[in-house]
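# Secondary and tertiary structure notes
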Amino acid sequence: MLNKMQLFRKKCQYCGKKIDRGKEIFRDVRDPVFVGTRKKAFCCIEHAELYEKEINEYIKNSRNCKTGCCG
């Protein structure tokens with residue numbers, strides 16, 4: 001039988017691993033879909049930093065689109 005608390009565990013936004021309650025690391029990070037930042041859960045500080053780095057690269061590259069697909 002599943003433990004009731006297992007149903008509500010968070011997943012790391014970077015690797016997708018389930019995180020035990022109380023061990024999450026929350027960080028406000030930019031989200032390319034929304035304007036501003038969103039609070040997201042990570043399993044470790046390294047994954048939070050890698051996620052931020054990848055999102056910043058994605059946003060930087062999408063603004064430099066020269067094909068005209070972005071408007």
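Now for a look at the structure at hand. (Residues numbered from 1 in each chain as written. Predicted model: local features only at pLDDT ≥ 70, side-chain atom pairs only at ≥ 80, totals over all residues. Heavy atoms only, no water.)

Scanning the chain for helices and strands turns up one helix and four strands. Along the chain direction, N to C, the helices and strands of the chain fall in the order β-β-β-β-α. Counting the 71 residues in the chain, one finds 18% classified as buried. For the chain, the proportion of contacts with a sequence separation of at least 24, taken over those separated by at least 6, is 32%. Taken as a whole, the chain presents about 5900 Å² of accessible surface, with 51% of it coming from carbon and sulfur. (Helix = DSSP H or I, 4+ residues; strand = E, 2+ residues; numbered from the N terminus. Buried < 20%, exposed > 50% of the residue type's maximum accessible area, 1.4 Å probe, protein only. Contact = heavy atoms within 4.5 Å. Areas by Shrake-Rupley, 256 points an atom, 1.4 Å probe, with all protein chains shown as cover.)

This brings us to the pattern of salt bridges. Scanning the model with the defined rule gives three salt bridges in all. Its salt-bridge partner being Glu52, residue Arg27 comes within 2.7 Å of it at the nearest N-O pair. Of this pair, Arg27 sits in strand β3 (residues 25–30) while Glu52 sits in helix α1 (residues 45–63), and the two are 25 residues apart along the sequence. Arg27 sits in the partly exposed class, given a relative accessible area of 26%. In this structure, the salt-bridge partner of Lys60 is Glu57, at a minimum N-O distance of 3.4 Å. Of this pair, Lys60 and Glu57 both sit in helix α1, separated by three residues, roughly a single helical turn. For Lys60, a relative accessible area of 45% gives the class partly exposed. (Salt bridge = Lys/Arg side-chain N within 4 Å of Asp/Glu carboxyl O.)

Summarising the sheet, β3 and strand β4 (residues 37–42) pair through six bridges and their orientation is antiparallel. Counted as the bridge partner of Val29 is Arg38 from β4. Turn length for the β3-β4 hairpin, with the two strands adjacent in sequence and antiparallel, is six residues, and the turn residue Gly36 shows positive phi of about 95 degrees. (Pairing = 2+ DSSP bridges.)

Right, let's talk about the packing of aromatic side chains for a bit. Working definition: an aromatic ring pair is given by the centre-to-centre distance plus the angle between the planes. For the coordinates displayed, the defined rule picks out one aromatic pair. Arranged with centres 5.3 Å apart and planes meeting at 55 degrees, the rings of Phe42 and Tyr51 form a pair that is tilted. Residue placement shows Lys39 over the ring face of Phe26; its charged tip is 4.9 Å from the ring centre. (Phe/Tyr/Trp six-rings, centres within 6.5 Å; stacked < 30°, edge-to-face > 60°. Lys NZ or Arg CZ within 6 Å of the ring centre and 35° of its normal.)

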